[in-house]
Amino acid sequence: MKKLVLSLSFLFVVRLAFAVEGMWLPLLLGLLNETEMKSLGMKMTAEDIYSVNKGSLKDAIVHFGGGCTAEVISDKGLLLTNHHCGFGEIQSHSTLEHNYLEDGFWAKTMKEELPNPGLTASFISRIEDVTMAALAGVTEDMDKKTRQSTVDKNIETIKAAAKKEAWEEVMIRPFFAGNQYFMFITVTYKDVRLVGAPPSSIGKFGADTDNWVWPRHTGDFSIFRIYADKDNRPAEYAESNVPLKPKHFLPISLDGVAEGDFTLVFGFPGRTNEYLPSYAISQLADVLDPARISVRDKTLAIWDGAMRSDAQVKIQYADKQAGLANAWKKWKGEVLGLRKTGAVKKKQAYEADFKKVVVLDAKFAKYQKLLPEFEQLYRDITPYSEAKAYYDEIMGGNIEILRAANRFAGLVKAKDKNGEAGYQEEKKKLQEGLTDFYKDYRPEIDQRVVAALMELLVRKLGKEYQSDFLANLLAAAGGNYEKMAENLFKNSFLTSQAAAVAILDKPMEDALKAIANDPACQLLNSLRDVYSAKITPKFNEYNDRIETLQNTYMRAQMEVFSNKKFYPDANSTMRCSYGQVQGYKPQDAVSFSSQTYLDGVMEKYVPGDYEFDVPARLRELYEKKDYGQYGENGKLPVAFIGSNHTTGGNSGSPAIDAQGNLIGLNFDRVWEGTMSDYNYDPSICRNIMVDARYVLFIVDKYAGATNLIKEMKLVHPKKGGSTPKAKQESKADKMNKKSSDPAKSLKAAPKAEEY
Ligand code: ARG
Ligand code: GLU
């Protein structure tokens, strides 16, 4: 207890700066947040949210596939997350014949639920502050390496001593730039099956045009189920596995939300950087984001054109495109928001306050040089971080053939490291992965991307960062980038699976020779040479110093502004964000209210459109206003916004009401507010959630998956909290199902006994 108190003592709350900013550690809510949460309308206690002694909300919250959040919504391990979180899985089960992306998917019995190798669902058993032990022997003047190795050793010791069950795992993470450490005991389930997904025209309605934008009308959800072995423990996929019996699952409220209602978003936010100096923010908005955006502008224009003109390409590139487009659009909003809210100026003002205190108080003398040092370091690092941004984009995801080349380069590395045995082992892995890659690969598209991006690279970074190999290729093509790319693709064996397989079938020495002579592999090597000779040495040198300085600056901010309440930056660990349902005013004379309805879907409807088509069945339900128990005053709620501080990774996080019921599913933020990763501004930062009633409506009325509805616990917290029985199907329901029906799954009645 003493340990906890000590390491927390400098966190104590006096002033409430922003009512709702922050991603808080669940185990500290009682200490730091409970009072404020109650003042915002919460009816629960901190112990109801996080407890190690009894089942609490946290036991229903899952880290989904390591990158998203999901929540348990039935006593049979039913899991709700976003459509875009399950997108890769939905895509991988889709073909032109069974196009689940296009038509949706609904398992009518548990037997029909689809396994997803590699997909995991992790629960948190408990969280502990281990700061004292992790920082034992660490001193303020240590350089980054020495400090890290001391901490690493400490962490190993703590892990070895951690109390846990055989099926649990331990994870220790730094917080506040390495000034605190917390330990997480986790349980990871490995058999997670796809249960249901709406068609993309619902789950991804509005696609890229609407992404990161409010008002929003996307039914961004999909449903999975966790399976366990007969003892309810994690197990690899096996037919004999049984549905998980969770410690807690979330009841779902049918009463919806009103402006001002309390909301809790509980999940695994990925990464934020709220405590950087102004110089870092300028670099981001003026240099790094624009660099990354300019690369993706090119790739996306080419992919998008190809996807729109070819249904096969649309499936093949759906997941890759969504990933690239998502961050691309977010960065654009981020730059806009940072400028609009004067983030750099705000940071400068904050730094001026910091300096004032530091100058006045002798005990802070050691912090006087911090900001000037940052200024110099950011000036020094910028040319390298800019070059790195271009190279990282180009070598990581935009050019697909370089990804294939990278796998073959791994073969060479394995041979160099472990001889023939190493080669054979790597070759086996590579052979297994080839189909995955080529199934979704169209070299004719990639070739155009190569031409466009190599031109951009040379134009933006100049000769200094150009590889000799590229210069030669280009010269051979008379300076024409298209011709250069054409030659490269003509001569590379990486453009087809058959050619790649043929190379692997050769004796090792021949295969290695072919790899060494392949122009795509050579291009990758040459880009890497530039990267490791001209970019990373300086970048790493400055970056290490920036990190060490940031560790000090973080501590300094907490000491200097000791009356301010600090929350740690997101680091993919479990957090609570709380706020209220709230609209916002992005511009003069423009204001957004907090709730959208199905009427808005119909306003956006463009028949046959790539992004804004609406399925016939949904239009029909709209015409009949057949919303069942999910409507409100004759309208069907679709999405709402709130002031919860969220980021990537919070996708799929439950939005929870004052009593602990599910009211929505977090899936996005508003355009102007995506800069909340660097500078949360309560005036325009809003998270976007699908209304739980829309999810239920789609499952029940649209898809007819009443089997799933029966499994859930639907409640009326605002109307006295009674739990309605799953409603009997009305005559109208039955008639609707017979009529034109894009969700083919309706045709066979669900086998109730399966559930
Ligand atoms: N912007 C949301 C997030 O960051 C949703 C992304 C999925 N949608 C899309 N159109 N790519 O994950
Ligand atoms: N869609 C994001 C995700 O995948 C959440 C939106 C955000 O970044 O706030 O986590």
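About the thresholds
- Residues numbered from 1 in each chain as written.
- Chains lettered and ligands numbered in written order.
- Predicted model: local features only at pLDDT ≥ 70, side-chain atom pairs only at ≥ 80, totals over all residues.
- Heavy atoms only, no water.
- Helix = DSSP H or I, 4+ residues; strand = E, 2+ residues; numbered from the N terminus.
- Expected span 1.5 Å × (residues − 1).
- Bend = angle between axes of the 7 residues up to and from the residue.
- Near = heavy atom within 4 Å.
- Polar contact = N/O pair within 3.5 Å; in protein donor to acceptor, adjacent residues only side chain to side chain.
- Areas by Shrake-Rupley, 256 points an atom, 1.4 Å probe, with all protein chains shown as cover.
- Salt bridge = Lys/Arg side-chain N within 4 Å of Asp/Glu carboxyl O.
- Buried < 20%, exposed > 50% of the residue type's maximum accessible area, 1.4 Å probe, protein only.
- Disulfide = S-S within 2.5 Å.
- Core = buried A, V, L, I, M, F, W, Y, C linked by side-chain atoms within 4.5 Å.
- Contact = heavy atoms within 4.5 Å.
- pLDDT = per-residue confidence, 0-100.
- Phe/Tyr/Trp six-rings, centres within 6.5 Å; stacked < 30°, edge-to-face > 60°.
- Lys NZ or Arg CZ within 6 Å of the ring centre and 35° of its normal.

**Observations concerning helix α11 (residues 278–309)**
Then step 1. For α11, built from 32 residues, the straight-helix expectation of 46 Å at 1.5 Å per residue is met to within 8% by its first-to-last C-alpha distance of 45 Å.
Then step 2. L284 marks where α11 bends most, by close to 45°.

**Structural notes on the site of ligand 2**
Then step 1. Ligand 2 sits among H84, W212, T646, T647, G648, G649, N650, S651, F667, D668 and R669.
Then step 2. S651 has a polar side-chain atom sitting 2.5 Å from an oxygen atom of ligand 2.
Then step 3. Contacts to ligand 2 include F667, whose backbone N or O atom sits 2.8 Å from a nitrogen atom.
Then step 4. In isolation ligand 2 exposes 290 Å². Once the protein is present, 92% of that is buried.

**A look at the pattern of salt bridges**
Then step 1. Summed over all chains, the structure comprises 45 salt bridges.
Then step 2. The salt bridge involving R296 is made with E393; its shortest N-O contact spans 2.6 Å. Placement of the pair is R296 in helix α11 and E393 in helix α14 (residues 370–398), with a sequence separation of 97 residues. Judged on exposure class, the residue R296 and its partner E393 are both buried.

**A word on the site of ligand 1**
Then step 1. In the region of ligand 1, the neighbouring residues are H84, K204, A207, D208, N211, W212, A322, N326, S651, F667 and D668.
Then step 2. For ligand 1, a nitrogen atom lies 2.7 Å from a polar atom in the side chain of N211.
Then step 3. One of the side-chain N or O atoms of D668 is found 2.8 Å from a nitrogen atom in ligand 1.
Then step 4. Across the complex, the protein chains shield 91% of the 340 Å² of accessible surface that ligand 1 would expose by itself.

**Notes on the environment of E425**
Then step 1. Its place among the elements puts E425 in helix α15 (residues 400–439).
Then step 2. Judged by its relative accessible area of 54%, E425 falls in the exposed class.
Then step 3. Separated by eleven residues in the primary sequence, E425 and A414 place their C-alpha atoms 8.3 Å from one another.

**Considering the state of the cysteines**
Then step 1. Considering all chains together, one arrives at one disulfide under this definition.
Then step 2. One disulfide bridge connects C68 with C85, the sulfur atoms lying 2.1 Å from each other. Measuring handedness by torsion sign, the sulfur bridge of C68 and C85 sits at about -80° and is left-handed. Taken together, the positions of C68 in strand β2 (residues 68–72) and C85 in the loop between β3 (78–81) and α5 (87–92) put the pair 17 residues apart, joining distant regions of the chain.
Then step 3. Residue classification places C85 among the buried residues on the basis of a relative accessible area of 11%.
Then step 4. Here C576 stays free of any disulfide, with the sulfur of C68 as its closest cysteine sulfur at 18 Å.
Then step 5. Judged by its relative accessible area of 0%, C576 is buried.

**A short note on the nonpolar core**
Then step 1. Of all hydrophobic cores here, the largest spans 219 residues; its most connected members are F408, M454 and Y694.
Then step 2. No other element matches helix α21 (residues 519–560), which puts 17 residues into this core.
Then step 3. Among residues more than four places away in sequence, those in contact with F408 are L430, L434, F493, L494, A500, L504, I515 and C521.
Then step 4. A134, L135, I158 and I172 belong to the second-largest nonpolar core, a separate cluster that totals 14 residues.

**Looking at the side chain of S526**
Then step 1. On the secondary structure map, S526 appears in helix α21.
Then step 2. According to the relative accessible area criterion, S526 is buried, its value standing at 10%.
Then step 3. Within the structure, S526 has its side chain in polar contact with the side chain of S467 (distance 3.1 Å).
Then step 4. One polar contact links the side chain of S526 to the main-chain carbonyl oxygen of L523, over a distance of 2.8 Å.

**Thoughts on the confidence of the model for the chain**
Low pLDDT marks stretches whose predicted atomic positions should not be read closely.
Then step 1. Chain-level pLDDT for the chain is 92 on average; 93% of the residues reach the 70-or-more range.
Then step 2. The model gives residues 1–18 a pLDDT under 50, and that stretch makes 34 contacts with residues more than four places away or in other chains.
Then step 3. Taken together, the stretch residues 725–755 has pLDDT below 50 and engages in 58 contacts with residues farther than four places along the chain or on a different chain.

**Quick notes on the packing of aromatic side chains**
Then step 1. If you walk through the whole model with that rule in mind, you get 26 aromatic pairs.
Then step 2. Between Y350 and F561, the ring centres sit 4.9 Å apart and the planes meet at 40°, which makes this aromatic pair tilted. A residue pair is termed long-range when its members are at least 10 positions apart, and Y350 in helix α13 (residues 343–360) and F561 in the loop between α21 and β14 (575–580) qualify at 211 residues.
Then step 3. Through pairs of rings, three or more aromatic residues link up here, namely Y350, F354, F374, Y378, Y553 and F561.
Then step 4. Residue placement shows R193 over the ring face of Y227; its charged tip is 3.6 Å from the ring centre.

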